[in-house]
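Descriptive analysis of the structure
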Amino acid sequence: MSELAARLAAHQRQEIASLERAVEVHRGLADKYERRLEELREIYERSEREC
């Protein structure tokens, strides 16, 4: 493997690792917001029934 090909492969591995971390972070945030959305829906539905 030439030096250029090795550098390109290393860069691609770093980019993949970075994207994997970003996906994990965004999944975590999505889960957090989804839980909050469910909480608010439940509160809204309870208040609608009480009115």
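A few points on the structure. (Residues numbered from 1 in each chain as written. Predicted model: local features only at pLDDT ≥ 70, side-chain atom pairs only at ≥ 80, totals over all residues. Heavy atoms only, no water.)

**Brief notes about the pattern of salt bridges**
- Enumeration over the complete set of coordinates arrives at three salt bridges.
- For Arg7, the salt bridge identified is with Glu3, shortest N-O distance 3.7 Å. Separated by four residues within a single helix, Arg7 and Glu3 lie in helix H1 (residues 3–50), roughly one turn from each other. For the residue pair Arg7 and Glu3, the accessibility class agrees, reading exposed in each case.
- Here Glu39 and Arg36 are joined by a salt bridge, their closest N and O atoms 3.2 Å apart. Here Arg36 and Glu39 lie together in helix H1, a separation of three residues that amounts to about one turn. (Salt bridge = Lys/Arg side-chain N within 4 Å of Asp/Glu carboxyl O. Helix = DSSP H or I, 4+ residues; strand = E, 2+ residues; numbered from the N terminus. Buried < 20%, exposed > 50% of the residue type's maximum accessible area, 1.4 Å probe, protein only.)

**Considerations on the packing of aromatic side chains**
- All told, the structure shown has zero aromatic pairs when counted by the stated rule.
- Between the NZ or CZ atom of Lys32 and the centre of the ring of Tyr33, over which it lies, the distance is 5.7 Å. (Phe/Tyr/Trp six-rings, centres within 6.5 Å; stacked < 30°, edge-to-face > 60°. Lys NZ or Arg CZ within 6 Å of the ring centre and 35° of its normal.)

**Quick word on the environment of Ile16**
- Inspection of the secondary structure puts Ile16 in helix H1.
- Overall, Ile16 belongs to the partly exposed group, its relative accessible area being 49%.
- In this structure, the C-alpha to C-alpha distance between Ile16 and Tyr44, residues 28 residues apart in sequence, is 41 Å.

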